[in-house]
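Here are the chains, one letter per residue:
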Amino acid sequence: METQTPLPPDLADAELFRLSDSLDKASVPFLAIDTVGRILSWNKTCGHICGLSSQQDFGTPLQELLASGEPDALTQVEEALRATQVEGFEVRLRGPDARRICFQAQTWTGCLQATVTVLIGVDVTRLQQRRAEAAPMSMQSHTGASRADAPSADPELCTNGKEGAVGEQTTLERCASADTVTCALEMANVPIFGIDTLGLVNVWNRKVAALTKYSHKELVGRDLVEELIPVERQPSVRATFEGVLQGKEAANFELVLLDKNQQEVEMLLSITARRDVSGVIVGALAIGQDITAWRQAEGDKKQGAQDLNLFIDTANVPIIGIDMNGLVTEWNCKAEKITEYQRQDVMGRQFVKHLILPEHHDLVQEALVNAFSGIDSSLETPLLTQTTKHKVDMLLNVNPRKDENGEVAGVYILGQDITSCLRAMEMDSQLSCLRASNDAKSQFLAHVSHEMRTPLNGIIGVNQLLIDTGLNSDQAALVKLIASSSEGLLCLINDILDLTR
């Protein structure tokens, strides 16, 4: 930074902080703010990520870098500084990609006795993208080049802040910068360590000492790769450091160190070459972030996702996943069994077009549109099977599926095969109709029989009166025939009435 006017103490100290090549070129974002949250300085990586580029950006409130709705930045910094165990805080930056940065805070006092807060961050968004894109790397054997002619000491920087050359010793500011940066590296709440050209440790700050349980005194002068790197990873790590010593920077390099108890400590590092005043490479400086807990959380998250997938796949109900384009993304075993469509037959195909009867397209499409808007719905619709082409009646619960940000990312459909239930309902309906018909017939017969018995009783009574009159033999025979026939008909009507009761 160039300026023609005297800098205030906090800005001057931040300027000295920024003069370190190792910090300015590191792929880890560094940011310095004053006590009221104004931006004082930044390295190139932070400038690229946060959009800081010009003199006009000095003094910008840190809150203006954050996306709308993010908590107060200065409050988060103060809480991080008060924490007994610094875990950092995560924020979303402004801009279309809404990048997520995890910052750790460390307060230090510069040579002009002004308090400056240094924020050292990890680009979480980039880290997750890189992990998603990364392919498994095969371990290759590597034979290190001879290091016999390399210098045995680090002339530029050591963690006790009392030894070493400081670069171009032409100005008081440069001298103060080197001393200040040395202190900053030692006091930083992120792991920072360095090696010389022989691969021997010469920088080991308090944070990496706390993580590995090895003190500065125990590690300085020892071979980093041989002492702290698991055997199967040593060739690739040695190759990376030797590449840095040849001038090739290593950004977002994941390193596993073994602590004193032989437990793995995982770090995400930015490794840069360190040079003397003549520009000759004299070592490498690694600045990183402890991602052991993050990796464990990612592993737990992955295990949770695997458990969820197993649950979905083995569930005793059909579960179907649909993306925002209406394409099938999930098809569990129960859905395969019911519809006879195998997973590979339906994945990536339009759900409504290929699996729903044409007359039900509008109904199902409306349910999907509602789910894309966050509204649950239920509907009955038949699905077509693959081999027999007969329909399977389903009760579908259509629910929106949301991502980690709470945005709808698709639809989950939980189904229930109600074909047998509908068949049973149809049979019950038919049985009810038959029963109603029989009841109607019985009522009809009872009514008719009752109405017939009344006049029949009259006939029987009058015929009996006729018998009591004086009749000749022929008339008496006919009257008796009427009486017997009437009695037979009356018995028949009574039997019918008995059946209808």
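Residues numbered from 1 in each chain as written. Predicted model: local features only at pLDDT ≥ 70, side-chain atom pairs only at ≥ 80, totals over all residues. Heavy atoms only, no water.

The chain is annotated in an unreviewed UniProt entry as histidine kinase from Cymbomonas tetramitiformis.

> Explanation requested: the sheet that holds strand S14 (residues 391-402) in the structure shown.
In a beta sheet, neighbouring strands pair by backbone hydrogen bonds and run either parallel or antiparallel. One open sheet holds the five strands; their spatial order is S12-S11-S15-S14-S13, and the pairing between them is antiparallel. Of all strands in the sheet, those bounded by a partner on one side alone are strand S12 (328-331) and strand S13 (377-384). The sheet shows a mean angle of 30° between the axes of neighbouring strands, taken without regard to direction. Pairing of S13 with S14 involves eight bridges; the strand directions are antiparallel. Bridging across to S14, Leu 384 finds its partner in Lys 391. Helix H15 (residues 361-372) contacts strand S11 (319-323), S13, S14 and strand S15 (408-417) of the sheet and is inclined by roughly 135° relative to S15. (Pairing = 2+ DSSP bridges. Helix = DSSP H or I, 4+ residues; strand = E, 2+ residues; numbered from the N terminus. Axes fitted to C-alpha atoms, helices over the stretch in contact; angles between N-to-C directions. Contact = heavy atoms within 4.5 Å.)

> What's the story with unusual backbone geometry in this structure? I'm lost.
Comment: phi is negative for the bulk of residues other than glycine, and the bulk of peptide bonds are trans. Backbone geometry at Asn 252 places phi at a positive 55°, although glycine is not the residue there. On the accessibility criterion, Asn 252 (21% relative accessible area) is partly exposed. One non-glycine residue, Gln 262, lies in the positive phi region at around 65°. (Buried < 20%, exposed > 50% of the residue type's maximum accessible area, 1.4 Å probe, protein only.)

> Would you explain the sheet that holds strand S10 (residues 281-290) in this entry?
Taken together, the five strands give an open sheet; going across it, the order is S7-S6-S10-S9-S8, and neighbouring strands pair in antiparallel fashion. Here the strands that pair on one side only, and so sit at the sheet edges, are strand S7 (201-204) and strand S8 (250-258). Shown here is a sheet whose adjacent strand axes are inclined to one another by a mean of 30°, direction ignored. The strands touched by helix H10 (residues 234-245) are strand S6 (192-196), S8, strand S9 (264-275) and S10; relative to S10, the strand with the most contacts, the crossing angle is about 125°. Strands in contact with helix H11 (residues 292-314) are S8, S9 and S10; relative to S9, the strand with the most contacts, it is inclined by about 135°.

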